[in-house]
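Take a look at the letters that make up each chain.
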Amino acid sequence: MDSSKKIRYERPLIKPINAMMPGKTGKDTYLVPVLDVDGVPVSALVEKYGSPLFVFSERKQRENIQRAKRSFTTRYPKVHFAWSYKTNYLDGICKIFHEEGSWAEVVSGFEYDKAIRNGVSGNHIIFNGPAKTKDDLKKAITNGSFIHIDNMDELYLLSDLSDELSIKPKVAVRVNLDTEINQIWDRFGFNYENGQAWDVLCKIVRMDKFELKGLHCHIGTFILTAHAYAVAAEKMANLACNVKQKLGVNIEYLDMGGGFASKNTLKASYLGGADVCPSFDEYAEAISTAIYKAPFKTSDLPVLILETGRALIDDAACLISTVLSNKRSSSGRRFTIIDAGVNMLFTSFWYDHKVSPAQPFSKYYEDVTLYGPLCMNIDVIREFVSLPLLNRGDHLVIHNVGAYNVSQWMQFITLRPYVVQVSREGKVSVLRKRETIETIVNQESSTTDNL
Ligand SMILES: Cc1ncc(COP(=O)(O)O)c(C=O)c1O
């Protein structure tokens, strides 16, 4: 008998309903096989590029940024998005956002250089972060980039550079503030409530060595309530008005940072991410309404800058993976081991990524723990997920992986895989080649230095 025609046997299973059961509002466990990415069959992608494989959708990225821009520009007259490089700094990704009009938001000399190589002009680069070197700052000053001051040491360094280069650096002050939610990020910038931010603004204006252009905040990440942005925008707008009234300087822009939630589901969240995360419209409404409430003259309304990262890219990528083996735990739970681990999917520490089989399957589901291939106990992609029987060689699609993975991944035990992109026309291009052993050993060296 032709074995490919043989009907697959699945052993009968009595299944206690103990998690992920569908309820009136509870998570839905209904799965459909995902056979293609934007029309390109998963099987063809794996055949060409191997597994695991990151696949990005150009269509989705453009849709996301266009939707976000529409939400803000229909409510507020002057808006710029600045692509957050750390979220994903593959050139092929950054270029899409730049083509859609986004500036660049960078936090290191490396990211800064990448933005320049991608053709972003210096005066469209926002330089954030707590660790800018003297050389980074010199470059940014000379190129007319916007430098967001994080601390007093940086301010004094910039003051010296202003003298040395005889150029007044274009600066903004990073402000941290209480937005009435649990996340209070006071590690970066100067505090609003205790007056630190005001003190540094007074110094900057009186020192007369800088062009004070803006105020910046980034209130946290995956912020599930738009109200937090309303609180932040109100405080930032009032601060800007005070600078105008008391120090005589017009604040040209308010940069509200990133932090909008993506459609992923945070671990321990009862409802799925798509049900709980606010829309771009809700964030835009909260921010624009708060700015309008402040006593700006219409002609002085600041430009609104947004450094949105994950909400623009997370759902524009998936990770295709392959089943390596199945086994039973001592308690009887099925363990399925796949070829994509936490070394390339950092976000599985924070999210319960949705996982779909990439071939037709039977109706019998079972609670499974999905492990990666690393010889490490922490290598868990999903602690608990209901899946049909998957055999060795079957493929899975792990959804919403576009943000932070391809920048935070690490080469550990296995090599990093291909990253490809499906264009709007359905063509596939390589964004990053897979690593080979040469990629790694070429960096090793045995030279000796006399110091
Ligand atoms: C200063 C700054 N801006 C923007 C972002 C992007 O944030 P998100 O991806 O949550 O939108 C980050 C991320 O940490 C950040 O630190």
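Here the structure is a predicted model, which is why all the values come from computation and not from measurement.

## Observations concerning the pairing of strand β14 (residues 334–338)
Note: strand β13 (residues 317–328) against β14, five bridges, orientation antiparallel. Within β14, the position partnered with R328 by the bridge is R334. The turn linking β13 back onto β14 is made up of five residues, and G332 within it adopts a positive phi angle of 100 degrees. Of the strand pairs in this sheet, β14 and strand β16 (residues 365–371) are connected by four bridges, and their pairing is parallel. Bridge pairing in β16 places I337 opposite Y371.

## As for the environment of V37
For V37, the location among the structural elements is in strand β1 (residues 36–37). Along the backbone, V37 and C318 are 281 residues apart, and their C-alpha atoms lie at a distance of 8.4 Å. If sequence neighbours within four positions are ignored, V37 has contacts with V42, L45, V55, S57, C318 and V422.

## Side note on helix α5 (residues 134–142)
If you check which residues of α5 are buried, you get D136, L137, A140 and I141. Looking down the long axis of α5, one finds its buried residues gathered within 130 degrees of arc, a one-sided arrangement. Across from the buried face of α5, at angles greater than 90 degrees, the exposed residues are K134 and D135. Next to the buried residues of α5 lie α4 (109–117), β6 (125–127), β7 (146–149) and α6 (152–165).

## A closer look at unusual backbone geometry
In this model, S51 is joined to P52 through a cis peptide bond whose omega is 0 degrees. As for its position among the elements, P52 is in the loop between α1 (42–49) and β3 (53–57). The phi dihedral of S166 falls on the positive side, at around 50 degrees, and the residue is not glycine. Structurally, S166 is set in the loop between α6 and β8 (170–176). Note on S166: 7 C-beta atoms within 10 Å, which makes it exposed. One non-glycine residue, Y404, adopts positive backbone phi at about 70 degrees.

## Topic: the packing of α5 against α6
For the pair α5 and α6, interaxial distance at closest approach is 11 Å and the crossing angle is 55 degrees. The angle between the axes of α5 and α6 places the two elements in the oblique class. Handedness of the α5/α6 crossing: right-handed. Contact residues: α5 offers K134, L137, K138, I141 and T142, while α6 offers L157, L158, L161 and L165. Taken together, the residues that form the contact of α5 with α6 break down as six nonpolar, one polar and two charged.

## Some remarks on the packing of helix α2 (residues 58–73) against helix α10 (residues 280–293)
The geometry of a pair of packed helices is captured by two quantities: the angle between their axes and the separation between those axes. With their axes 8 Å apart at the nearest point, α2 and α10 run at an angle of 30 degrees to one another. On the basis of the axis angle, α2 is roughly parallel to α10. Between α2 and α10 lies a crossing of right-handed hand. Counted together, R67, A68, S71 and F72 of α2 and F280, D281 and A284 of α10 form the full contact between these two elements.

## Some details on helix α8 (residues 226–247)
Compared with an ideal rise of 1.5 Å per residue, which puts 22 residues at 32 Å, α8 spans 31 Å between its outermost C-alpha atoms and is within 8% of the ideal. When we look at burial in α8, the residues that qualify are A226, A228, Y229, A230, A232, A233, K235, M236, A237, L239, A240 and V243. Taken together, the buried residues of α8 touch β8, α7 (196–207), β10 (211–216), β11 (253–255) and α10.

## What to know about the environment of V385
Tracing the backbone shows V385 in strand β17 (residues 380–388). Distance in space between the C-alpha atoms of V385 and S57 is 25 Å, their sequence separation being 328 residues.

## Quick word on the domain arrangement of the protein chain
In terms of domain boundaries, the protein chain breaks down into domain 1 (12–56 + 315–436) and domain 2 (128–308). The C-alpha-based centres of domain 1 and domain 2 are spaced at 37 Å. With nine residues of domain 1 in contact, the opposing surface of domain 2 contributes eight residues. Among the residues making up the side of domain 1 that touches domain 2, the classes are represented as three nonpolar, three polar and three charged.

Cut-offs and rules
The numbers attached to residues start from 1 for each chain and follow its sequence in the written order. Local features are withheld for residues below a pLDDT of 70 in this predicted model, meaning they are given only at 70 or higher, and side-chain atom pairs are given and counted only at 80 or more; totals for whole chains, interfaces and linings count all residues. Strands were regarded as paired on the criterion that DSSP finds at least two bridges between them. The way it works is that DSSP assigns letters per residue, a run of H or I at least four long becomes a helix, a run of E at least two long becomes a strand, and they are numbered from the N terminus. In this description, any two residues whose backbone-derived C-beta atoms lie within 7 Å of each other are considered to be in contact. Neighbour counting defines burial: a residue surrounded by 20 or more other C-beta atoms within 10 Å of its own C-beta is buried, one with 12 or fewer is exposed, and intermediate counts give partly exposed, using backbone-placed C-beta atoms. Think of the arc as the fan of directions from the helix axis to the C-beta atoms. Lines are fitted to the C-alpha atoms to define the axes, a helix being fitted only along its stretch in contact, and any angle between axes, read from their N-to-C directions, falls within 0 to 180 degrees. The cut-offs work like this: below 35 degrees is roughly parallel, past 145 is roughly antiparallel, 65 to 115 is roughly perpendicular, and the gaps in between are oblique. Each crossing gets its handedness from the near helix: less than a right angle anticlockwise from the far helix is left-handed, clockwise is right-handed. Lys, Arg, Asp and Glu make up the charged group, whereas Ala, Val, Leu, Ile, Met, Phe, Trp, Tyr, Cys and Pro make up the nonpolar group; the residues left over, Gly among them, are polar. The span one expects for a helix is its residue count, reduced by one, times 1.5 Å. Domain limits in this description derive from either an automatic procedure or a database domain assignment.

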